Amino acid sequence: MKKKLLLCLLTAFVSFPILAQTDARIYEIIAAVSEDRIKNDVKTLTEFGTRNTFSDTLSNTRGIGAARRWIKSEFDNISSSCADCMDVFYQKDFITKDMGARVPKDAWVVNVVAIQKGTKYPNRYIIMSGDIDSRASDTMDYTTDAPGANDNASGMAGTIEAARVLSKYKFENSIIYVGLSGEEQGLFGGGGLAKYAVEKGWDVIGILNNDMIGNITGVDGVVSNRDFRIFSEPVPATETDKQRQMRRFYGGEVDGISRQLARYIHKNVKTYMPEMNPMMIYRLDRFGRGGHHRPFNDAGFAGIRIMEAHENYTQQHQDIRTENGIQYGDVLEHVNFGYAKKLTAVNAINLASLAWAPPAPKEVKIGGIVEPAAKFEWSKVDGALGYKIYWRDTTSPTWDHSHYVGNVTEFLLEGIVIDNFFFGISSVGKDGFESPVVFPNAILR
């Protein structure tokens, strides 16, 4: 056993130097994101008057029909510029008045999907989404102007811009850029695409839902172009009774797949964009509210929401008007495009990092009860150069310690008492890109 441990340690020390601490391509991606293009796209989306889910679908200049056709044409143009590297299509579902209190009439909810296929794992998908639709003060009012500049032309424009930038690269995993509809009426677009993903057998790495990424002046008086929030639920809504019982004895109350995705983004931003302040919010979404990542969570997929940290409620879900000296309405002038550029870059570098990374281990076993060391075994991952063990204090929100162990599938972490820490394993690719951390899902006896 000691010889095996010595070999593992030697492998770790020999292999570690060949792993890049950072990758120059990530800095290139950050630099390539264009503030001007984002501004132009947000402006174009606001000029459709309203993008309410139930607004005009026939006009070429007004309503959600014209907006989604324009979005598709942008994805088509991007695909043409990269030798048809993306499959662009509509995905739609029919909803009726009896499906929700915010549905004034029967209609098609149409999503615009662009898939950039991976070279090695084409059925593994990391998704970035923005919402197409907008709304006025009255959710049921689909004729009044609702420019929806920040909510959510900013997220939609960011998604289009990420596609422009990342289409210049090849990835092992597939990336999906999508405009989702029906968010304001009950998350119908996300629900439809999540169902579609299950039916098609997609292996979804996770979804980065972008809803409002353009405001820096909060109703709380705070002005910041660096803070942003990452919302994530603690454990999957689909967990079984057995998994829930295991958590009681072994921990993991804040270590579900969505929380690991949030930690991944936090770490990546701290590495490549240290000027930004990613705030991990331990909640599915804002208090009592929801976003388009939730249907994916409901289907058992990892999903998080990226959004501004300081909201201004006078500029959300409001008819354009002035009352008591306050200007209400979600108009172009309130969007900070430099900030939207930064949050678009946050998405782009995480899409790229995940798309360049090998899959995560499916099974991670942990042991070491009443022992002076923690021991691990995990399933081998095709394409992984090696693996990294992470651990942290049980009260820490982030993975604070790590040890690269090379291309082995078992390891004994000497001097670390299992009772005092939480642990996880990630797989590492040839360029140093890592999978999200996997919290142990089985016990070594």
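For the structure itself, look to the data block above.
Here the structure is a predicted model, which means the values were calculated and not measured. (Residues numbered from 1 in each chain as written. Predicted model: local features only at pLDDT ≥ 70, side-chain atom pairs only at ≥ 80, totals over all residues. Heavy atoms only, no water.)

Enquirer: Looking at this structure, how should I read the side chain of Asp23?
Expert: You can see Asp23 is positioned in the loop between α1 (2-15) and α2 (24-32). Using a relative accessible area of 11% as the deciding quantity, one classes Asp23 as buried. (Helix = DSSP H or I, 4+ residues; strand = E, 2+ residues; numbered from the N terminus. Buried < 20%, exposed > 50% of the residue type's maximum accessible area, 1.4 Å probe, protein only.)

Enquirer: Which parts of the structure should I look at to understand empty space enclosed by the protein?
Expert: To find leftover empty space, a probe the size of one water molecule is rolled over the atoms. All chains considered together, the criterion is met by 2 cavities of 30 Å³ or more. Considering only enclosed or pocket space, the largest cavity measures out at about 60 Å³ in volume. The wall of the largest cavity is formed by Ser134, Arg135, Ala136, Ala146, Pro147, Gly148, Asp151, His317, Gln318 and Asp330. Residues that form the lining of the largest cavity fall into these classes: 3 nonpolar, 4 polar and 3 charged. The volume enclosed by the second largest cavity comes to roughly 50 Å³. Forming the walls of the second largest cavity are Asn150, Asn215, Glu308, Asn312, Gln315, Gln316, Asp330 and His334. Looking at the lining of the second largest cavity residue by residue, the classes come out as no nonpolar, 6 polar and 2 charged. (1 Å grid on protein atoms, 1.4 Å probe; cavity = no way out; pocket = protein on both sides within 12 Å on 5 of 7 lines; lining within 4 Å. Points joined across faces, edges and corners; volume = space filled by probe spheres on them. Nonpolar A, V, L, I, M, F, W, Y, C, P; charged D, E, K, R; others polar.)

Enquirer: What is the right way to look at the sheet that holds strand β14 (residues 401-406) in this model?
Expert: Two modes of strand pairing occur in sheets, parallel and antiparallel, and in both the strands are linked by backbone hydrogen bonds. Pairing is antiparallel in the open sheet, where 3 strands are placed in the order β14-β13-β16. At either margin of the open sheet sits one strand with a lone partner, and together these are β14 and β16 (421-428). Averaged over all neighbouring strand pairs, the angle between strand axes comes to 20 degrees, with direction disregarded. As paired strands, strand β13 (residues 386-393) and β16 are joined by 8 bridges and run antiparallel to one another. Residue pairing in the sheet places Ile389 in a bridge with Ile425 of β16. (Pairing = 2+ DSSP bridges. Axes fitted to C-alpha atoms, helices over the stretch in contact; angles between N-to-C directions.)

Enquirer: Explain the environment of Trp70 to me, please; I cannot follow it from the model alone.
Expert: Inspection of the secondary structure puts Trp70 in helix α4 (residues 64-81). With 109 residues separating them along the chain, Trp70 and Gly179 place their C-alpha atoms 11 Å apart. Discounting residues that sit within four places of it in the chain, Trp70 has contacts with Asp41, Thr44, Leu45, Phe48 and Ile160. (Contact = heavy atoms within 4.5 Å.)

Enquirer: I keep staring at α2 and nothing clicks. Help me out?
Expert: Because each turn of an α-helix spans 3.6 residues, side chains separated by three or four positions end up pointing in the same direction. Looking at α2, one finds that the buried residues are Ile26, Ile29 and Ile30. Taken end-on, α2 shows its buried residues confined to a sector of 100 degrees, consistent with a single buried face. Across α2 from its buried face, at more than 90 degrees, point the exposed residues Ala24 and Ala31. Packed against the buried residues of α2 are α5 (149-166), α8 (257-272) and α10 (337-356). Put simply, Asp23 is the residue that caps the front of α2, since its side-chain oxygen is 2.9 Å from the backbone nitrogen of Arg25. (Arc of directions from axis to C-beta. Polar contact = N/O pair within 3.5 Å; in protein donor to acceptor, adjacent residues only side chain to side chain.)

Enquirer: Is there a simple way to think about a nonpolar patch on the surface in this case?
Expert: Nonpolar side chains collect at one region of the surface, where Phe249, Tyr250, Ile369 and Val370 lie side by side and expose about 460 Å² of accessible area between them. Relative accessible area serves as the criterion here: at 46%, Ile369 is assigned to the partly exposed category. (Patch = residues over 30% accessible without salt bridge, like charges linked within 9 Å, V, L, I, M, F, W, Y side chains within 5 Å. Areas by Shrake-Rupley, 256 points an atom, 1.4 Å probe, with all protein chains shown as cover. Salt bridge = Lys/Arg side-chain N within 4 Å of Asp/Glu carboxyl O.)

Enquirer: Help me understand the sheet that holds strand β12 (residues 373-378) in this model?
Expert: The mixed open sheet is built from 4 strands, whose spatial order is β15-β12-β11-β17. Since the sheet does not close on itself, it has two edges, and those belong to β15 (410-414) and β17 (442-443), each with one partner. Pairing analysis gives 5 bridges linking β12 to β15, with the strands arranged antiparallel. By the bridge assignment for β15, Ala374 is matched with Leu413.

Enquirer: Explanation requested: the packing of aromatic side chains in the structure shown.
Expert: Any aromatic ring pair is given by two values, namely how distant the centres are and how the planes are angled relative to each other. Taken as a whole and assessed by the stated rule, the structure comprises 14 aromatic pairs. On the basis of an interplanar angle of 80 degrees and a centroid distance of 5.5 Å, the ring pair of Tyr196 and Trp202 is categorised as edge-to-face. Overall, Trp202 belongs to the buried group, its relative accessible area being 10%. The structure contains a cluster of three or more aromatic residues connected by ring pairs, namely Phe89, Tyr125, Tyr196 and Trp202. Here Arg124 stacks its cationic end above the ring of Tyr121, 5.9 Å away from the centre of that ring. (Phe/Tyr/Trp six-rings, centres within 6.5 Å; stacked < 30°, edge-to-face > 60°. Lys NZ or Arg CZ within 6 Å of the ring centre and 35° of its normal.)

Enquirer: Looking at this structure, how should I read the packing of helix α3 (residues 35-46) against α5?
Expert: Helices that pack against each other are described as a pair by the angle of their axes relative to one another and the distance between those axes. Two elements in contact, α3 and α5, have axes separated by 8 Å at closest approach and are oriented at 135 degrees. On the basis of their axis angle, the class for α3 and α5 is oblique. Note that α3 runs across α5; the crossing there is right-handed. Residue-level inspection shows Arg37, Ile38, Asp41, Val42, Leu45 and Thr46 of α3 in contact with α5, the latter providing Ala149, Ala153, Ser154, Met156, Ala157, Ile160, Glu161, Arg164 and Val165. Taken together, the residues of the contact of α3 with α5 break down into 9 nonpolar, 2 polar and 4 charged. (Parallel < 35°, antiparallel > 145°, perpendicular 65-115°, else oblique. Left-handed = near helix turned anticlockwise from the far one by under 90°.)

Enquirer: Can you help me understand the pattern of salt bridges in this one?
Expert: Pairing is possible between side chains of opposite charge, provided their charged atoms come close. In this structure the tally under the stated criterion is 26 salt bridges. Linking Glu161 and Arg37 is a salt bridge whose minimum nitrogen-to-oxygen distance equals 2.6 Å. Remark: Arg37 occurs in helix α3 and Glu161 occurs in helix α5; sequence separation between them is 124 residues. Owing to a relative accessible area of 33%, Arg37 belongs among the partly exposed residues under this scheme. Members of the salt-bridge network, linked through shared partners, are Asp211, Arg229, Asp285, Arg286, Arg305 and Glu311.

Enquirer: What's the story with the pairing of strand β4 (residues 173-180) in this structure? I'm lost.
Expert: As a general feature of sheets, a regular strand has side chains that alternate between the two faces. Burial analysis of β4 places 8 of its 8 residues in the buried class, the great majority of the element. Sheet topology places strand β2 (residues 107-116) next to β4; 5 bridges connect them, and they run antiparallel. What sits directly across from Val113, in β4, is Val178. Of the pairings in the sheet, the one linking strand β3 (residues 121-131) to β4 comprises 8 bridges and is parallel in character. Of the residues in β4, the one forming a bridge with Ile127 is Ile176.

Enquirer: Is there a simple way to explain α4 in this structure?
Expert: An ideal rise of 1.5 Å per residue puts 26 Å on 18 residues; α4 measures up with 26 Å between its terminal C-alpha atoms. Here α4 has its buried residues at Ile64, Gly65, Ala66, Ala67, Arg68, Trp70, Ile71, Lys72, Glu74, Phe75, Ile78 and Ser79. Tucked into the core, α4 has its buried residues touching α3, β1 (86-95), β2, α5 and β4. Count one or two residues on from α4 and you reach Ala83, which has phi positive near 60 degrees. (Expected span 1.5 Å × (residues − 1).)

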